[in-house]
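Observations on the three-dimensional arrangement
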Amino acid sequence: MVFDLQALSDRAEILELRSRYGRALDGKDWDLMRTVFAEDAQADFALGKPFKGIEEIIRGCRSQMDSLDHTQHFMGNHEIELDGDRARGRLKLIGGAYLRTDTGAPSACLRGNYVDEYVRTDEGWRISRRELTIAWGEGNTGILSQSHTQ
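A brief report on the enclosed structure follows. (Residues numbered from 1 in each chain as written. Predicted model: local features only at pLDDT ≥ 70, side-chain atom pairs only at ≥ 80, totals over all residues. Heavy atoms only, no water.)

1. What to know about unusual backbone geometry
Peptide bonds are trans in most cases, and residues, glycine excluded, mostly fall at negative phi. If you check the backbone angles, A46 has positive phi at about 60° while not being a glycine. For A46, the location among the structural elements is in the loop between β1 (37–44) and β2 (51–52). Phi angles above zero are rare outside glycine, and N77 is one such case at about 50°. Here N77 shows up in strand β3 (residues 70–83). Judged by relative accessible area, N77 falls into the exposed class, the value being 58%. (Helix = DSSP H or I, 4+ residues; strand = E, 2+ residues; numbered from the N terminus. Buried < 20%, exposed > 50% of the residue type's maximum accessible area, 1.4 Å probe, protein only.)

Shown next as structure tokens:
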């Protein structure tokens with residue numbers, strides 16, 4: 001078996017990029033999120049409308065995350081296809097959310113799939129396009145729409 005060191009390095013950097021995304025969401029670290037997406041990225045987080053550009057993507061993430069007390073994003077089953085300075089990938093998501101509430105259960109869990117496109121920039125790999133498809137949710141998923149509308 002022949003190992004391509006550049007391909008191994010690229011895959012490792014994209015895996016780190018994906019982890020950084022989850023860390024930024026769960027930590028509500030919007031400066032860190034700026035190191036995840038390309039400036040002109042597009043993202044559809046299944047919130048009813050896609051977002052274009054890093055600032056709009058961050059506003060969309062904030063609208064969902066800021067009023068939740070805690071979240072925890074687990075990502076796995078990583079698939080990455082490299083093509084020079086571009087790449088495509090798929091991964092599975094389990095996302096848990098917690099919101100103190102007077103009505104209903106305080107937690108929800110969503111499961112879904114991300115389909116991504118990546119681009120190599122001067123600062124490293126960035127997500128240029130991300131689409132989330134929710135497969136199913138359980139618990140009080142209303143806390144997610146509740147946090148989105150606050």
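2. Here we look at the sheet that holds strand β5 (residues 107–121)
What the 6 strands build is an open sheet, ordered β2-β1-β6-β5-β4-β3; its pairing is mixed. The two strands at the open ends of the sheet, each matched to only one other strand, are β2 and β3. Across 13 bridges, the pairing between strand β4 (residues 86–98) and β5 is antiparallel. If you follow I94 over to β5, its bridge partner there is R111. Sheet strands in contact with helix α1 (residues 5–27) are β1, β3, β4, β5 and β6 (124–139), and its direction is about 160° off that of β3. Sheet contacts for helix α3 (residues 54–65): β1, β2 and β3; angle to β1, the most-contacted strand, approximately 50°. (Pairing = 2+ DSSP bridges. Contact = heavy atoms within 4.5 Å. Axes fitted to C-alpha atoms, helices over the stretch in contact; angles between N-to-C directions.)

3. A closer look at the nonpolar core
Side chains of a nonpolar character, in soluble globular proteins, are inclined to be buried together. With 36 residues, the main nonpolar core has Y21, M33, F37, F45, I57 and Y118 as its most contacted residues. For this core, the secondary-structure elements that each account for two or more residues are α1, α2 (30–33), β1, α3, β4, β5, β6 and α4 (142–149). Filtering out sequence-adjacent residues up to four positions away, Y21 remains in contact with M33, V36, F37, F45, M75, Y114 and R130. (Core = buried A, V, L, I, M, F, W, Y, C linked by side-chain atoms within 4.5 Å.)

4. A short note on the environment of E123
For E123, the position within the fold is in the loop between β5 and β6. A relative accessible area of 60% means that E123 is categorised as exposed.

5. Section: the environment of D10
Tracing the backbone through its elements, the reader meets D10 in helix α1. In this structure the C-alpha to C-alpha distance between D10 and D29, which are 19 residues apart in sequence, comes to 24 Å. D10 has contacts with L82, R120 and W125, leaving out every residue within four places of it along the chain. A polar contact is formed between the side chain of D10 and the side chain of R120, at a distance of 2.8 Å. (Polar contact = N/O pair within 3.5 Å; in protein donor to acceptor, adjacent residues only side chain to side chain.)

6. A look at the pattern of salt bridges
On inspection of all chains with the given rule, the structure shows 11 salt bridges. Through salt bridges with shared partners, one network takes in D10, D85 and R120. (Salt bridge = Lys/Arg side-chain N within 4 Å of Asp/Glu carboxyl O.)

7. Comments concerning α3
Taking 1.5 Å per residue, 12 residues should reach 16 Å; α3 reaches 16 Å between its end C-alpha atoms and fits that length. Burial in α3 covers these residues: I54, I57, I58, G60, C61, Q64 and M65. Buried positions in α3, seen along its axis, are confined to an arc of 160° and lie on one side of it. (Expected span 1.5 Å × (residues − 1). Arc of directions from axis to C-beta.)

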